[in-house]
Structures are given as C-alpha cells and as structure tokens.
Amino acid sequence: MRYIAIDLGLKRIGLAYAAHKDIVTPLPAIIRKNRNQAASAVKEVIQEWNAECVVVGIPLGGSSEEEMRRRVTHFMNLVDFEGSIYFEDEAGSSIEAEALMKGQMRQIRDGRVDSIAAMIILQRFLFKKSNK
C-alpha cells in the first residue's frame, strides 16, 4: 500500500510518502497560494507517487475536530481523490518536527517543518495500523 500524508496548513502543506510501514519520507512542501492551486498541487503529488491512501493530520478529540474534519473533507473533494482517506491526530507533530531539525534550520519557513510533521503523522498512523 502506498500512502501520502498531509499536514494541511493555511500557508504551507507538508507532505510525506510511504510504500512500506517502516520507511516514511518527507516530500517537498506545497506553498499554498489559494485553495484551488493547493488542491491541484496535492492531486499531482498523489498521482506522481501512485498513492492509494491519504492520511491527513487533524487535532483529534478537541473542540475543533468536527470543523477540521469538515474543512479537510472539503479540501479533499477539491483534490478529487478516490482512494481511502484516514485522519490521524496531529497533536504535537510540528513541535516534534522542529525538535528533529537542528540550529538555524528550524527557523526557515520553507515547508520542511511541515513535511517532517507530515512524516511524523504518517509514522504514527502506520505504527497503529501495524499493531492492531
């Protein structure tokens, strides 16, 4: 199974890929200009990597979970992805991603932190899936 993980933000969209449960690779982030451009760019990545499943990070269990699910569902409708879509808790993924980056790199806002956060989200999802 090939997976793409998405850390959906208003300015950047972090992406990660996995074709194996033990290896997750961050991909270049998408700089978001508008909703349609972002959806088109995500669709291109999904097609390029032949992803069968998409895992999207959202804040699970909080007061904003329902609203975030609605927004993500709307965005994925724009992407027009017909495979399986799963939600994974993104809590702390950006902080964890920044901790993985060293020195000056953690201050650069080019999407690397967002894609590492997507990598962490996908690692969590795959870990839970393999331990069921």
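Here the structure is a predicted model, which means the values were calculated and not measured.

1. Here we look at the packing of aromatic side chains
So, point 1. One pass over the full model with this rule turns up three aromatic pairs.
So, point 2. Centroid distance Tyr3 to Phe125: 5.8 Å. Interplanar angle 65°. Geometry classified as edge-to-face. Residue Tyr3 is located in strand E1 (residues 3–8), and its partner Phe125 is located in helix H4 (residues 112–130); the two are separated by 122 residues in the primary sequence.
So, point 3. Judged by relative accessible area, which is 5%, Tyr3 ranks as buried.

2. Observations concerning the sheet that holds strand E3 (residues 23–31)
So, point 1. Across the sheet, which stays open at both edges, the five strands sit in the order E3-E2-E1-E4-E5 with mixed pairing between neighbours. Every other strand in the sheet has two partners, leaving E3 and strand E5 (84–89) as the edge strands with one partner each. With strand direction ignored, the average angle separating the axes of adjacent strands in the sheet is 25°.
So, point 2. Relative to E5, strand E4 (residues 53–58) runs parallel, the two sharing six bridges.

3. Section: the confidence of the model for the protein
Interpretation of this model should avoid reading the predicted coordinates in detail wherever pLDDT is low.
So, point 1. Of the residues in the protein, 90% have a pLDDT of 70 or more, and the chain-wide mean is 87.
So, point 2. Per-element averaging of pLDDT across the protein places helix H3 (residues 93–100) at the bottom with 70 and helix H1 (residues 35–48) at the top with 96.

What counts, and at which threshold
- Residues numbered from 1 in each chain as written.
- Predicted model: local features only at pLDDT ≥ 70, side-chain atom pairs only at ≥ 80, totals over all residues.
- Heavy atoms only, no water.
- Phe/Tyr/Trp six-rings, centres within 6.5 Å; stacked < 30°, edge-to-face > 60°.
- Helix = DSSP H or I, 4+ residues; strand = E, 2+ residues; numbered from the N terminus.
- Buried < 20%, exposed > 50% of the residue type's maximum accessible area, 1.4 Å probe, protein only.
- Pairing = 2+ DSSP bridges.
- Axes fitted to C-alpha atoms, helices over the stretch in contact; angles between N-to-C directions.
- pLDDT = per-residue confidence, 0-100.

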